[in-house]
Amino acid sequence: MRISGGYRPKIPGRPSGIVEEPPIPRRLIIRLQRDGLKYRPVVKDGQSVDFGEVLAETSVPGANLALPSPAAGKALLAEEQLVLEQIRPDITPLKTYQPERITRGETVAALARGGVWPLFWSSATRGMPELGEDRKPRVIVLNVVLTEPFRARGKVILRRSWSRIIQGLKFLPRLLEDYGTLEIVLTAVRDPVARMMYSDLAGFAWIHFRPIPLRYPAENPRVLVQSLRRSIPGLQKDSIIWVIDVQAAEAVGGCLAEGLPLHQRVIAAGGPGCAHPRHLAVRIGTPVSSFAPESPEIATLCGGLFRGDRIDPAQAAVQYNDDAYFFLPEGSTRQFLSFLRPGFDRTSYLPCFAGRLTGAADRRLTTFLRGERRPCITCGLCEKVCPARIMPQVLHRYLYRQALAEAERSGLELCVDCNLCTFVCPSKIELQKQFGEARQALLLERAEAERTK
Amino acid sequence: MKGLKGILENLRPAFEEGGRLARLKPIFQALDHFLFAAAEKTPSSPFGRDPLDVKRYMSLVILALLPSFAAAVYFFGWRVLLMLLVSYAAGGLVEVLFAIIRKEEINEGFLVTGFIFPLILPPGIPLWLVAIGVSFGVLIGKEIFGGTGRNLFNPALVGRVFLAIGYPAALTSTWMQPLAGPWGRLLAPFGFGVPDALTSATPLGLAKSGVLTGAFELFVGRTAGSAGETSALAILLGGVFLILVGVASWRTVLALLASFVGLTAILHGLLPATVPPVMFHLLSGGLLFGAFFMATDPVSGPVTRGGKWAFGLLIGAATIFIRSFSGYVEGVMFAILLGNIFAPLIDEIVIRLKTRRYANER
């Protein structure tokens, strides 16, 4: 499969392949919010809970989604979160299923109950698939490639829990449409992990492998789906495609075959501010402060380099769909005559620094903007890097003069939120923010039109 | 460096809001940001950014212009350096004034305009004309439209055309004959070589009367012409560098040169008497300089990638038509300005074509 645009910068702090398993902390913090949905607690303050017991629920059309308890302990309710104390590490499996003897309804219900369902992404909703929906996906994509710097790498997780992932894959036909296929997206590299997958899955006619270049944002579900639609000719334009990542497949296997609701996440802890970039397998609810560097000069961010958000490590905890935290030094020193230096310690999208010649990584990445804000000089870098094949510089020009309708016509809504344009812009324009606000305005406008109709 | 930083920090309060010199803030800011990298932090995702900024972008253009500048000094003497200083002083004054009036930062774009301008002038031109030309170019070509990034035309070319039309005599009689010999004109101030000889014949002018300059002379640049435009060798050195670092669009350059070479070959085949051969046209006048350094100006060129092809094709074709069938011997500057005029239209067409495809891509 091919993707257009894209970029994968070289930055120190790539998490190593080692997966550490730190002991379970004494307190776990569960936020009563996930993917924008609010959950209401179903346990009482001070109640003791078992492993896997439903802590909180929310109703969506079709069923209830649950947050299962990652450990046994005592639940304390707080504002918008739930704290588990007196943790007991023992794990007692719940009901297990066999792929041959489970109905679709049971599968969906078990996944919703086990906290796994929101890890699925559907092209129909551009988010979590609807539970009650009758239309099944034609294709489920298992994405092994995570190209965004500092995110948990698919292959690391594959190596760690391959048997559980295979278990999970065997349940997927229950969700697929008849004769639907599973497309496994991976890099073309013939490394041991890929070989292992090929040989173990050789017997399954409904599983195909699709190599993709190792370039951000190959893992973006919308980019994947578009690329897939281009490379599978028989695919109808409106056929539904679901995308899951390796951890979701593992969670399906754990939840259905082993009776373990979602209780653990493999997260990457990396970035230039991290002393030992590595992976960690932690219980959900583990406070970020237990692995974050304690320094006010280092910013903690949840997510990868391009889409990650600043968080307060003292407050935050690993939640059900987190897979990466990275640490970025807060910019402090202003370099003398910075733009005149050859730049052996920097590397940019354009080969403008000497670091490109030596293959050096961008060792000066901090929270600095790294330049002054300027009007758009239409250098065209954003158009070159855009994976959605839209023209951010043109959209910017329209939005600069408040021409929302023109921006809409010029593909504003095709933007996949990869944030690459904002990353490469030499004029340091906050394109992503501008586009996000414009789309919000567009939605409001449409809702208004709907209401007055 | 610590001391320098200390001085700047001591001065800073005076230029901040409410300070005694708050009006002159753009000057302080420009100096501050020139010496030390800016300290602003990323307000939104992505929180780490690419190291490339406009300062670096523009300084690479100036770096690429250095070979042409060196060749100009070599062939036409230290006068060119003087022209550069005058251009920076006069144009910089306009830029700073407008930054103060608009309360915006001083833009790096001017450093490129001010550097290019003396290089596209006849080396013997009176210095006051340099000052007038660059001021006009920056004022009318750029500031009126809102400054760097919003200008329709290449400011250096606007200034150049203003001089060509307003002071035709001064511009057609101030060409200089470069000196032969290993030192060129470098030692002229110390009494070596001959006094500056003004002439009115550039290779393109001579060609009209049937005299063709040799290809080697043209390639090295030992001919009369605009200061930085004569040496194809120096231009190629800088131009290829600019394309390799990705600052100049290879699409524009390739399209421009391809259409120019193709059309010239056809016209030379049809009318060998009026149109000299391809090699001569390619190396003479300001064609290469314009192709690598002025048509590739991102601001006044088309915004879209597809548009760059059309833009280059148009300029290449217009250049040879003006050179062959008009009263002017040189056509590049008019052709590029013509391209600037058409750029928004080209963009509009490309955007329409591209957005039509979007309907299928939801």
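Sequence order sets the numbering: in each chain, residues are counted from 1 along the sequence as written. Here the convention is simple: chains get letters from A, ligands get numbers from 1, in the order in which they are written. Predicted model: local features are reported for residues with pLDDT of at least 70 only, side-chain atom pairs are reported and counted for 80 or more only, and whole-chain, interface and lining totals are derived from all residues. Computation of side-chain values: all heavy atoms of the structure, hydrogens and water removed.

1. Topic: the overall build of chain A
Note on conventions: DSSP H or I runs of at least 4 residues are helices, E runs of at least 2 residues are strands, and numbering of each starts at the N terminus. Looking only at helices and strands, one finds twelve helices and 20 strands in chain A. Atoms counted for the radius of gyration: C-alpha only. Globule rule: 2.2 Å times the number of residues to the power 0.38. Against the compact-globule benchmark of 22 Å for 453 residues, chain A has a radius of gyration of 23 Å, which places it among compact chains. Projected onto the principal axes, the alpha-carbon positions of chain A cover approximately 65 × 55 × 50 Å. Each residue is placed in one exposure class: buried if its accessible area under a 1.4 Å probe, protein chains only, is under 20% of its type's maximum, exposed if it is over 50%, and partly exposed if it falls in between. Considering chain A as a whole, with its 453 residues, one finds that 58% of them fall into the buried category. By definition in these notes, contact holds between two residues if any of their heavy atoms fall within 4.5 Å. Sequence separation of at least 24 residues holds for 72% of the intrachain contacts in chain A that already meet a minimum separation of 6. The Shrake-Rupley method, run with a 1.4 Å probe, gives the accessible areas here. Residue values count only the displayed protein chains as cover. For chain A, the accessible surface area stands at approximately 19000 Å², while carbon and sulfur atoms represent 51% of it. The charge count treats Lys and Arg as positive and Asp and Glu as negative. His and the chain ends do not count. By convention, charge coordinates are those of NZ in Lys, CZ in Arg, CG in Asp, or CD in Glu. Across chain A, the mean location of the 62 positive side-chain charges is 6 Å away from that of the 47 negative side-chain charges.

2. Remarks on the interface of chain A and chain B
Taken together, the contacts link 76 residues of chain A with 59 residues of chain B. Taking both partners together, chain A and chain B bury about 6100 Å²; carbon and sulfur atoms supply 53% of that area. Once two parts are joined, some of their accessible surface, as seen by a 1.4 Å probe, is lost; buried area is that loss totalled over both. Together, Arg334(A), Phe339(A) and Arg374(A) form the three largest contributors to the area buried by chain A at its contact with chain B, with a combined 14%. Put simply, a salt bridge is a Lys or Arg side-chain nitrogen that is within 4 Å of an Asp or Glu carboxyl oxygen. Linking chain A with chain B are eight salt bridges. Here Arg373(A) makes a salt bridge to Glu40(B), at a shortest N to O gap of 3.0 Å. Each polar contact in these results corresponds to two N or O atoms within 3.5 Å; when the atoms are within protein, one needs to be able to donate a hydrogen and the other to accept it, and residues that are neighboring in sequence are counted only if both atoms are side-chain atoms. Between chain A and chain B we count 36 residue pairs in polar contact (both at pLDDT 80 or more) in total. Of all elements in the fold, only strand E19 (309-311), helix H8 (381-385), helix H9 (392-400), helix H10 (404-409), helix H11 (420-424) and helix H12 (431-452) of chain A reach the threshold of two or more residues within the side of chain A that touches chain B. When residues in the side of chain A that touches chain B are grouped by element, the largest group, five residues, is from H9(A). Each residue receives one of three labels: charged for Asp, Glu, Lys and Arg, nonpolar for Ala, Val, Leu, Ile, Met, Phe, Trp, Tyr, Cys and Pro, and polar for the others, Gly being one of them. Looking at the side of chain A that touches chain B residue by residue, the class counts come to 34 nonpolar, 18 polar and 24 charged.

3. Side note on the environment of Leu186(B)
Residue and element names in this part refer to chain B. Tracing the backbone shows Leu 186 in the loop between strand E1 (175-176) and strand E2 (198-199). Exposure remark for Leu 186: the relative accessible area of 23% places this residue in the partly exposed category. Separated by 113 residues in the primary sequence, Leu 186 and Val 73 have C-alpha atoms spaced 7.0 Å apart.

4. Notes on the sheet that holds strand E20 (residues 324-329) of chain A
Residue and element names in this part refer to chain A. Strand pairing requires that DSSP identify at least two bridges connecting the strands. Read across the open sheet, the six strands follow the order E1-E17-E16-E20-E18-E19; overall the sheet is mixed. What marks the edges here is a single partner per strand, and that holds for strand E1 (19-20) and E19. The pairing of strand E16 (residues 264-270) with E20 spans three bridges and is parallel. Bridging across to E20, Ala 268 finds its partner in Ala 324.

5. A few points about the packing of helix H3 (residues 54-76) of chain B against helix H11 (residues 232-244) of chain B
All names here are of chain B. Lines fitted to the C-alpha atoms define the axes, with helices restricted to the stretch that makes contact. Angles between their N-to-C directions range from 0 to 180 degrees. Where H3 meets H11, the closest approach of the two axes is 8 Å, and the angle between their N-to-C directions is 170°. Looking at the two axes, H3 sits roughly antiparallel to H11. Contact residues: Leu 60, Val 61, Leu 63, Ala 64, Pro 67, Ser 68 and Ala 71 in H3; Ala 234, Ile 235, Leu 237, Gly 238, Phe 241 and Leu 242 in H11. Note on terminology: angles under 35 degrees are roughly parallel, angles over 145 are roughly antiparallel, angles of 65 to 115 are roughly perpendicular, and the others are oblique.

6. Some details on helix H1 (residues 104-113) of chain A
Residue and element names in this part refer to chain A. All of the buried residues in H1 are Arg 104, Thr 107, Val 108, Ala 110, Leu 111 and Ala 112. Residues of H1 that are buried sit in contact with strand E8 (63-68) and helix H6 (246-257). Gly 115 lies just past H1 and shows a positive phi near 75°.

7. Things to note about the layout of surface pockets
Space inside and on the surface of the protein is sampled on a 1 Å grid over the protein atoms alone, with a cavity defined as a set of points where a 1.4 Å probe fits but cannot get out and a pocket as an open set with protein on both sides within 12 Å along at least 5 of 7 lines; lining residues have an atom within 4 Å of a point. Grid points are joined across faces, edges and corners, and a volume is the space filled by probe spheres set on the points. Here the second largest pocket defines a volume of roughly 900 Å³. What lines the second largest pocket is a set of 35 residues, and nearest its centre among them are Gln393(A), His396(A), Arg397(A), Tyr398(A) and Tyr400(A). When residues of the lining of the second largest pocket are traced back to their parent elements, those giving at least two are H9 and H10 of chain A together with helix H16 (332-358) of chain B. Of the residues assigned to the lining of the second largest pocket, the class counts are twelve nonpolar, eleven polar and twelve charged.

8. With respect to the confidence of the model for chain B
The predictor reports its confidence for every residue as pLDDT, a score running from 0 up to 100. Per-residue pLDDT for chain B has a mean of 88; in total, 94% of the residues score no lower than 70. For this predicted complex, the interface confidence comes out at an ipTM of 0.89, alongside a pTM of 0.91.

9. Let's talk about the nonpolar core
For our purposes a nonpolar core is just a set of buried Ala, Val, Leu, Ile, Met, Phe, Trp, Tyr and Cys residues, chained together by side-chain atoms within 4.5 Å. One finds Ile116(B), Phe289(B) and Phe293(B) to be the most contacted residues of the largest nonpolar core, which totals 154 residues. Top element by residues in this core is H3(B). It accounts for 14 residues. Once you skip the residues sitting within four places of it in the chain, Phe289(B) turns out to touch Leu65(B), Ser68(B), Ile116(B), Leu119(B), Ile120(B), Gly228(B), Glu229(B), Ile235(B) and Met294(B). Within the second largest apolar cluster, 64 residues are counted, among which are Ala71(A), Leu119(A), Trp162(A) and Ala281(A).

10. Let's talk about unusual backbone geometry
Here the amide bond leading from Tyr216(A) into Pro217(A) is cis, since omega sits at 0°, within 30 degrees of zero. In this chain, Ser45(B) is followed by Pro46(B) through a cis amide linkage whose omega measures -5°. Note that Pro46(B) resides in the loop between helix H2 (25-35) and H3. Backbone geometry places Lys103(B), a non-glycine residue, at a positive phi of 55°.

11. Describing the environment of Ala201(B)
Inspection of the secondary structure puts Ala201(B) in the loop between E2 and helix H9 (203-208). Taking the C-alpha atoms as reference points, Ala201(B) and Ser173(B), separated by 28 residues in sequence, lie 8.2 Å from one another.

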